[in-house]
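# Fold and geometry: a report
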Amino acid sequence: MPSEFKPADPAFEARCRDSFNRQPAMHLIGARLTVVKPGFCEVEMARKLEVTQQHGFVHGGIVGMIADSAAGYAAYSLFPADATVLTVEYKMNLMAPADGDRMLARAQVTRHGKTLTIVGFDVFAEKAGKILHCATGLATMMCMLGRPDAPRTAAS
């Protein structure tokens, strides 16, 4: 998947991976940032009993978590080094139960602006060698210029 986007920061991949690795929520669900390219990102996670709903499928909220993170880092990959990313909104259609041993969220920037970046995403469930497209959506991400992506302190 070729990208027409050019990152503003040549160290975008390391910056994205560092930011992702500081997210306790992603650690909690066992998600990993597997691919980061300019305007593109993949987040995957193995199925864990703790993230399933009453029917044994990965909970839709968890599907949304990995989709949101994939979309956020796809956008963040294009941002300058002195910026951070925040989700403005996302809309997700759950098209099939997330019945997989492995979940994969794939996000691609469709329009990159100075403040808002639009990202399309898809989520797939993989089980017994079969891949099921279980969710799709669109996200809007905000570039917060002048706010480096760093841990918040008690004073901030």
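Structure first, text after, so check above.
Residues numbered from 1 in each chain as written. Predicted model: local features only at pLDDT ≥ 70, side-chain atom pairs only at ≥ 80, totals over all residues. Heavy atoms only, no water.

### Observations concerning the overall build of the chain
The condition that has to hold: A run of DSSP states H or I qualifies as a helix once it reaches four residues; a run of E qualifies as a strand once it reaches two. Both are numbered from the N-terminal end. Both definitions apply: the radius of gyration is a C-alpha atom measure, and the globule rule equals 2.2 Å times residues to the power 0.38. Summary of the burial criterion: residues with accessible area below 20% of their type's maximum are buried, those above 50% are exposed, and those between are partly exposed, where the area comes from a 1.4 Å probe applied to protein chains only.
A tally of regular secondary structure across the chain gives three helices and six strands. When its helices and strands are written in sequence order, the chain yields α-α-β-β-α-β-β-β-β. Rg of the C-alpha trace for the chain: 15 Å, near the compact-globule value of 15 Å for 156 residues, within the 12% margin. Projected onto its principal axes, the C-alpha positions of the chain cover 45 × 40 × 25 Å. Counting over 156 residues, the chain shows a buried share of 42%.

### Some details on the packing of aromatic side chains
To keep it simple, the criterion reads: Aromatic pairs are defined between Phe, Tyr and Trp rings, using the six-membered ring for Trp, whenever the two ring centres lie within 6.5 Å; interplanar angles under 30 degrees are classed as stacked, those over 60 as edge-to-face, and all others as tilted.
All chains considered together, the criterion is met by four aromatic pairs. Centroid distance Phe 20 to Tyr 73: 5.7 Å. Interplanar angle 70°. Geometry classified as edge-to-face. Of the two residues, Phe 20 sits in helix H1 (residues 12–21) while Tyr 73 sits in helix H3 (residues 60–76), which places them 53 residues apart along the sequence. The exposure classification of Phe 20 matches that of Tyr 73, with both residues buried. Ring plane angle 80° and centroid distance 6.2 Å describe the contact between Tyr 90 and Phe 121, whose orientation is recorded as edge-to-face. Taken together, the positions of Tyr 90 in strand S3 (residues 83–94) and Phe 121 in strand S5 (residues 116–127) put the pair 31 residues apart, joining distant regions of the chain. Of the residues examined, Tyr 90 reaches a relative accessible area of 35% and is grouped as partly exposed. Pairwise contacts between aromatic rings join Phe 20, Tyr 73, Tyr 76 and Phe 79 into one cluster.

### A word on the side chain of Asp 9
This is how it is decided: In this description, contact between two residues means that some pair of their heavy atoms is separated by no more than 4.5 Å.
Inspection of the secondary structure assignment puts Asp 9 in the segment before H1. Of the residues examined, Asp 9 reaches a relative accessible area of 9% and is grouped as buried. In contact with Asp 9, not counting residues within four places along its chain, are Arg 15, Phe 79, Pro 80 and Ala 81.

### Quick word on the nonpolar core
So the rule is basically this: In this description, a nonpolar core means a group of buried Ala, Val, Leu, Ile, Met, Phe, Trp, Tyr and Cys residues linked to one another through side-chain atoms lying within 4.5 Å.
Counting 42 residues, the largest nonpolar core has Met 45, Ile 66, Met 103 and Val 123 as the members making the most contacts within it. It is H3 that contributes the most residues to this core, 10 residues altogether. Dropping the residues within four chain positions of it, Met 45 is found in contact with Ile 29, Gly 30, Ala 31, Val 51, Val 58, Ile 62, Ile 66, Asp 101, Arg 102 and Met 103.

### Details of H1
So the rule is basically this: Arc, as used here, means the arc of the directions from the helix axis to the C-beta atoms.
Turning to H1, its buried residues are Phe 12, Arg 15, Cys 16, Ser 19 and Phe 20. Projected onto a plane normal to the axis of H1, the buried residues spread over an arc of 130° and lie on a single side.

### What to know about the pattern of salt bridges
For the record, the criterion: Any carboxyl oxygen of Asp or Glu within 4 Å of a side-chain nitrogen of Lys or Arg constitutes a salt bridge here.
Tallied over the entire structure, the rule returns nine salt bridges. Between Arg 17 and Glu 13 there is a salt bridge, with its nearest N and O atoms 3.0 Å apart. Here Arg 17 and its partner Glu 13 are both found in helix H1, four residues apart, which amounts to about one turn of the helix. The class for Arg 17 is partly exposed, based on a relative accessible area of 25%. With a relative accessible area of 34%, Glu 13 lands in the partly exposed category. Residue Asp 149 pairs with Arg 22 through a salt bridge whose shortest N-O separation is 2.7 Å. Of this pair, Asp 149 sits in the segment after strand S6 (130–145) while Arg 22 sits in the loop between H1 and helix H2 (24–29); the two residues are 127 residues apart in sequence, bridging distant segments of the chain. Three or more residues joined by partner-sharing salt bridges are found here, namely Arg 32, Glu 44, Arg 102 and Glu 126.

### Regarding H3
Put simply, the test is: Expected helix span is taken as 1.5 Å per residue step, with the number of steps being one fewer than the number of residues.
Along its 17 residues, H3 runs 24 Å from first to last C-alpha, staying within 8% of the 24 Å computed at 1.5 Å per residue. Among the 17 residues in H3, 13 count as buried, and that is most of the element.

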